[in-house]
Amino acid sequence: MNNPITRYLKRIFLTKKIIGKDTSLQGLAQADELLQRLVSQKKIPGLAITVLEDGKTIFQKGYGYTSLETKKIIDPANTQFRIASVSKPIAAIALAHMVADGVIDLDASFFNYVPYYPQKEWDFTIRQLASHTAGIRGYKGIEYGLNKDYSIKESISIFKDDPLLFKPGTDYLYNSFDWVLVSLAMQEAGGLPFEEYVVEKVLQPLHLKNTVAEVKGANYPNVTSFYSKNRLGFREAVPVNNYYKLAGGGFLSTAVDIANFGQAFLDKRVLQESILKQFITTEVINNKPTYYGLGWQVSQDKAGRDYFGHVGNGIGGYSNFYVYPNEQLVFSILVNCTNPKIQEELDEVISILMNRKRNA
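Conventions we followed
- Residues numbered from 1 in each chain as written.
- Predicted model: local features only at pLDDT ≥ 70, side-chain atom pairs only at ≥ 80, totals over all residues.
- Heavy atoms only, no water.
- Helix = DSSP H or I, 4+ residues; strand = E, 2+ residues; numbered from the N terminus.
- Rg over C-alpha atoms; globule rule 2.2 N^0.38 Å.
- Buried < 20%, exposed > 50% of the residue type's maximum accessible area, 1.4 Å probe, protein only.
- Contact = heavy atoms within 4.5 Å.
- Areas by Shrake-Rupley, 256 points an atom, 1.4 Å probe, with all protein chains shown as cover.
- Lys, Arg positive; Asp, Glu negative; His and termini not counted.
- Charge placed at Lys NZ, Arg CZ, Asp CG, Glu CD.
- Phe/Tyr/Trp six-rings, centres within 6.5 Å; stacked < 30°, edge-to-face > 60°.
- Pairing = 2+ DSSP bridges.
- Expected span 1.5 Å × (residues − 1).
- Axes fitted to C-alpha atoms, helices over the stretch in contact; angles between N-to-C directions.
- Parallel < 35°, antiparallel > 145°, perpendicular 65-115°, else oblique.
- Nonpolar A, V, L, I, M, F, W, Y, C, P; charged D, E, K, R; others polar.
- Salt bridge = Lys/Arg side-chain N within 4 Å of Asp/Glu carboxyl O.
- Left-handed = near helix turned anticlockwise from the far one by under 90°.
- Polar contact = N/O pair within 3.5 Å; in protein donor to acceptor, adjacent residues only side chain to side chain.

Colleague: I'd like to hear about the overall build of the protein chain, residue by residue, with values.
Modeller: The number of helices and strands found in the protein chain is 12 helices and 14 strands. For the protein chain, the C-alpha radius of gyration of 21 Å lies close to 21 Å, the compact-globule estimate for 360 residues. The principal-axis extents of the C-alpha atoms in the protein chain amount to approximately 70 × 40 × 35 Å. Residues counted as buried form 53% of the 360 residues belonging to the protein chain. Put simply, 68% of the contacts in the protein chain that link residues at least 6 apart link residues at least 24 apart. Per element, the accessible surface of the protein chain, about 16,500 Å² overall, is 51% carbon and sulfur. Positive and negative side-chain charges of the protein chain, numbering 40 and 36 respectively, have mean locations separated by a distance of 10 Å.

Okay, here's the thing in structure tokens:
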């Protein structure tokens, strides 16, 4: 009998037979089953996951395909995905290096570094840009999926003449244009292309060898195909050029690289804690936390456990990246599809893996 319910029950019985009463392994099997189901139910084309605990890999696997056409299997260590806004924490650490070296002052006016940017009703700082409290607007219409060969400097033409939406420091509005401006200020202050600076200060020192800027027309033999989904199924995502917003959402990476990036924080291999703390501490507006630091989401999960990290959603890519400092856990989950609407399932997988040790 080829009934899907029968197949599912067989897998459950087989899992119980193999792992017995070890509830820790049962948690891993349960997480695996949930992720397998995302592929079998055609909710995603492919996914890679890496989970580290105390610096050791406790769960790592690829699901589905890098390409639905070729059926190439996903490898968490080598398959590169669009990581979308998980690019922001990478850019944030590059910025932290500039702060540590005295090249950029977080509380200095943005106009100190980019004097040719049109003056606004109010001044705003690098810190306000990095924390999304500067009043810069978000995407309009097709801007989310632009396919133009903009440099970082050229791309400000998209939004530079628009007014600020609020007085800087009085409200919060998440957007990627903030980080376009941060990366532009970094280029002007440091005299080095943003991409080169990130490679020199972040990617090479942390050995993130599979994390690269996505450059239009370049050949990446290990990169996934990029998909979007509608009611008829998956289709190839529209072509986009994310290079101008590299700091906000333009990197490619692997599940292993992103997990290792998170582990570097737990191992204290990034920068001195006094510099990093302000990046991974939530900003407060009108006595209320924004749950966002400088390029990092900073919050608690439903069980009240502290984490910092980022969720990313872009054309052809969706990502989850969480660092739990108290539990010494790092989660890296990458999907090759524009928002597949599976966050609830991913949250459940993370919860299962978080609780496996407690229930063992």
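Colleague: I'd like to hear about the packing of aromatic side chains, residue by residue, with values.
Modeller: Across all of its chains, the model carries 22 aromatic pairs by this definition. Relative to F177, the ring of F159 lies with its centre 4.4 Å away and its plane at 20°, an arrangement referred to as stacked. With a gap of 18 residues between them, F159 in the loop between helix 6 (152–155) and helix 7 (177–190) and F177 in helix 7 connect regions that are remote in the sequence. Of the two residues examined, F159 and F177, each falls in the buried class. Taking the centre distance of 5.4 Å and the plane angle of 85° together, the rings of F261 and F265 count as edge-to-face. With F261 and F265 both in helix 10 (residues 255–266), this residue pair falls 4 residues apart, about one helical turn. Residue classification places F265 among the buried positions, given a relative accessible area of 10%.

Colleague: Which residues make up the environment of L208, and what values do they have?
Modeller: Mapped onto the elements of the fold, L208 is located in the loop between helix 8 (194–203) and strand 5 (212–213). Taking the relative accessible area as the measure of exposure, L208 reaches 3% and is therefore buried. Put simply, L208 and S253 are 45 residues apart on the chain and 8.4 Å apart in space, counted from C-alpha to C-alpha. Ignoring anything within four residues of it in the chain, the contact list for L208 reads L203, D257, N260 and F261.

Colleague: Describe the sheet that holds strand 4 (residues 81–82), naming the residues involved and giving the relevant values.
Modeller: Spatially, 3 strands are ordered 4-8-5 in an open sheet, and the strand pairing comes out antiparallel. Two strands in the sheet have a free side with no partner beyond their single neighbour: strand 4 and strand 5.

Colleague: Quick rundown of the pairing of strand 11 (residues 297–300)? Include the residues and the values.
Modeller: Strand direction decides the pairing type here: strand 11 and strand 12 (residues 306–314), joined by 4 bridges, are antiparallel. Residue pairing for strand 12: Q300 is matched across the bridge by D306.

Colleague: Kindly report on helix 3 (residues 87–100), identifying the contributing residues and their values.
Modeller: Note: α-helices contain 3.6 residues per turn, so residues at a spacing of three or four share the same orientation. Taking 1.5 Å as the rise per residue, helix 3 with 14 residues should run 20 Å; its terminal C-alpha atoms sit 20 Å apart, in good agreement. For helix 3, a buried count of 13 out of 14 residues is recorded, marking the element as mostly surrounded by other parts of the structure. Positioned one or two residues after helix 3, G102 has a phi angle of 75°, which is positive.

Colleague: So what's going on with the packing of helix 3 against helix 8? Which residues, and what values?
Modeller: Where helix 3 contacts helix 8, the two axes come as close as 9 Å, and the packing angle between them is 85°. The angle between helix 3 and helix 8 places the two elements in the roughly perpendicular class. Residues I90, A91, I93, A94, H97 and M98 of helix 3 pack against F194, Y197, V198, K201, V202 and L203 of helix 8. Among the residues forming the contact of helix 3 with helix 8, the class breakdown is 10 nonpolar, 1 polar and 1 charged.

Colleague: Any details on the pattern of salt bridges? Residues and values, ideally.
Modeller: Going through the model one piece at a time under the given rule, you end up with 11 salt bridges. Across the salt bridge formed by D32 and K61, the nearest N and O atoms sit 2.9 Å from each other. Of this pair, D32 sits in helix 2 (residues 23–40) while K61 sits in strand 2 (residues 56–67), and the two are 29 residues apart along the sequence. Relative accessible area serves as the criterion here: at 30%, K61 is assigned to the partly exposed category. In this structure, a network of salt bridges that share partners links the residues R137, E143 and D162.

Colleague: Outline the packing of helix 3 against helix 10, supporting the account with residue identities and numerical values.
Modeller: Their axes nearest at 11 Å, the elements helix 3 and helix 10 cross at an angle of 40°. It follows from the interaxial angle that helix 3 and helix 10 lie oblique. At the point where helix 3 passes helix 10, the crossing takes the left-handed sense. Two secondary-structure elements touch here, helix 3 through P89, I90 and I93 and helix 10 through I258, F261 and F265. When grouped by side-chain class, the residues that make up the contact of helix 3 with helix 10 number 6 nonpolar, no polar and no charged.

Colleague: Describe the environment of S67, with residues and values.
Modeller: The residue S67 is located in strand 2 in this model. Apart from the residues lying within four places of it in its own chain, the contact partners of S67 are K72, S225 and Y227. Within the local environment of S67, its side chain forms a polar contact with the backbone nitrogen of E69, the two atoms lying 3.2 Å apart.

Any functional reading would require information beyond the geometric quantities listed.
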